[in-house]
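One-letter residues, chain by chain:
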Amino acid sequence: MANKSITEQVNAVAYKSIYVNDIEIFYREAGEEGKPNLLLLHGYPSSSHMFRNVIPMLSGQFHILAPDLPGFGFSAVPEKDKFAYTFENFAQIITGFLEKLNITKTSFYLFDYGAPILMHVITKSSIAVEMLIFQNGNIYEEGLGKGIKNMMFLFNNENSAKLEKLVEFDYIKWEYLTGVSNLFKIAPESYYLDQFLMQRTGLKEIHLAIKKDYVNNLAFYKVWQEKLKESQFPTLIVWGENDEVFLKEGAIEIHNALPSSKLIFYPTGHFALEEFGVEIAGAIIDYYNSL
């Protein structure tokens, strides 16, 4: 039985690609079709690779889909004049992705960039939402860290020299390591892979354009907040409380808007799965089974 269990876990994840709006989208899939769907969406500067450890844990309960956005991970990198790298356009890609796979009902994991992208999807598409999982993905001004506010200031003042540091290795590594409890639990291939992929032609310029567009999400905050209050979706909030990118105050605001939600803080930083993946996967399964 032990050998069978190991084999099942090793073979749990399939690595696939699909074309959405003529763009090749890489994604990881696990779990049997027919089980409740769960879409995992990464943020900056990561990809579906950030879910590599938790996907096998969650695949017994859910049918998992974890796509890479255009310009991230192993998805295609269309040129800027052929694809608008905006959050609203990313939402169209994710909506098209779900439609291509005939997904009409799913749960969403909202992390970092994934939070505004999926809120666009939820408010503008007919997709039925079963459950939301917020993990250091912000939709409240209270949750904006000093770094985000400083980034907005730099764009307003066109300080290109300092902005370019946001797509360099030191900053990427900082996002992974800041606020963690145990540095020895953070796999170095996580931030090294992100940096390696960032070195592709045109990627740094593309990612700076995405960061510039991030500011436009703030105009939608009130709409998204009202959507949460009106819908009262079953929601689990799992948050690295030492995150300096998106502060724990953002998690508290989500919890206040959804009184029946469950909020769990972990003593770690932005990429909470790197240090507490086992615990968070367990919390997701337990919460879903309690609904």
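Here the residue numbers are simple positions, counted from 1 along each chain's written sequence. Confidence filtering applies because this is a predicted model: local features only for residues at pLDDT of at least 70, side-chain atom pairs given and counted only at 80 or more, and all residues used for totals across whole chains, interfaces and linings. In computing side-chain properties, one takes all heavy atoms of the structure into account and sets aside hydrogens as well as water.

Colleague: Lay out the packing of aromatic side chains with the relevant residues and their values.
Modeller: To describe a pair of aromatic rings, you give the distance between the ring centres and the angle between the ring planes. Working definition: a ring pair exists when centres of Phe, Tyr or Trp rings (six-membered ring for Trp) sit within 6.5 Å. Plane angles under 30 degrees give stacked, over 60 give edge-to-face, the rest tilted. In the structure shown here, the tally under the stated rule is 26 aromatic pairs. Here Phe26 and Phe74 contribute two aromatic rings whose centre-to-centre distance is 5.5 Å and whose plane-to-plane angle is 65°, an arrangement assigned as edge-to-face. Here Phe26, found in strand 2 (residues 23–30), pairs with Phe74, found in the loop between strand 4 (63–67) and helix 3 (87–100); they are 48 residues apart in sequence, far enough to count as distant. Ring centres 6.1 Å apart and planes at 45° place the aromatic pair Tyr221 and Trp224 in the tilted group. Placement of both Tyr221 and Trp224 in helix 10 (residues 221–231) is noted, with a separation of 3 residues, approximately one turn of the helix. Each member of the pair, Tyr221 together with Trp224, is buried. Through a chain of ring-to-ring contacts, the aromatic side chains of Tyr44, Phe72, Phe83, Tyr85, Phe87, Phe90, Tyr113, Tyr214 and Phe246 assemble into a single cluster. Against the face of Phe276 rests Lys185, its NZ or CZ located 5.5 Å from the ring centre. Over the face of the ring belonging to Tyr44 we find Lys211, whose NZ or CZ atom lies 3.7 Å from the ring centre. Secondary structure elements follow DSSP: runs of H or I of four or more residues count as helices, runs of E of two or more count as strands, with numbering from the N terminus. The rule is simple: take the accessible area with a 1.4 Å probe, protein chains only, and divide by the maximum for that residue type; under 20% is buried, over 50% is exposed, in between is partly exposed. We call a charge positioned above a ring when the Lys NZ or Arg CZ atom is no farther than 6 Å from the ring centre and deviates by at most 35 degrees from the ring normal.

Colleague: Requested: an account of the side chain of Ser48, with residues and values cited.
Modeller: Tracing the sequence through the fold places Ser48 in the loop between strand 3 (37–41) and helix 2 (54–58). Look at Ser48 and you get buried, because its relative accessible area is 1%. Each polar contact in these results corresponds to two N or O atoms within 3.5 Å; when the atoms are within protein, one needs to be able to donate a hydrogen and the other to accept it, and residues that are neighboring in sequence are counted only if both atoms are side-chain atoms. A polar contact is formed between the side chain of Ser48 and the side chain of Arg28, at a distance of 2.7 Å. In this description, contact between two residues means that some pair of their heavy atoms is separated by no more than 4.5 Å. Sequence-distant contacts of Ser48, defined by excluding residues within four places in its chain, comprise Phe26, Arg28, His42, Ala66, Pro67 and Asp68.

Colleague: Can you break down the sheet that holds strand 1 (residues 13–20) residue by residue, with the values?
Modeller: With mixed pairing, the 8 strands of this open sheet are ordered in space as 1-2-4-3-5-6-7-8. Looking at the sheet topology across the chains shown, the edges are occupied by strand 1 and strand 8 (262–266). Across the sheet, the axes of successive neighbouring strands diverge by a mean angle of 20°, strand direction being ignored. Pairing of strand 2 with strand 4, which is carried by 4 bridges, proceeds in the antiparallel orientation. Two strands are said to pair when DSSP picks up at least two bridges between them. Only the stretch in contact is used when fitting a helix axis, every axis being a line fitted to C-alpha atoms; angles between N-to-C directions are given from 0 to 180 degrees.

Colleague: Tell me what's going on with the side chain of Glu29, and back it up with residues and numbers.
Modeller: Note on placement: Glu29 falls in strand 2. A polar side-chain atom of Glu29 sits 2.6 Å from a polar atom in the side chain of Lys16. Once residues within four sequence positions are removed from consideration, Glu29 is found in contact with Ala12, Val13, Ala14, Lys16, His63, Ile64 and Leu65.

Colleague: How would you summarise empty space enclosed by the protein if you had to cite specific residues and measurements?
Modeller: Definitions used for this entry: grid spacing 1 Å over protein atoms alone; cavity, a set of points where a 1.4 Å probe fits but cannot get out; pocket, an open set with protein on both sides within 12 Å along at least 5 of 7 lines; lining residue, one with an atom within 4 Å of a point. Grid points are joined across faces, edges and corners, and a volume is the space filled by probe spheres set on the points. A full pass over the atoms with the stated rule returns 1 cavity of 30 Å³ or more. Within this model, the largest cavity holds a volume of roughly 60 Å³. Listed by contribution, the elements that provide at least two residues to the lining of the largest cavity are helix 8 (188–198) and helix 9 (203–214). Counting residues per element, the lining of the largest cavity draws most heavily on helix 8, which supplies 3 residues.

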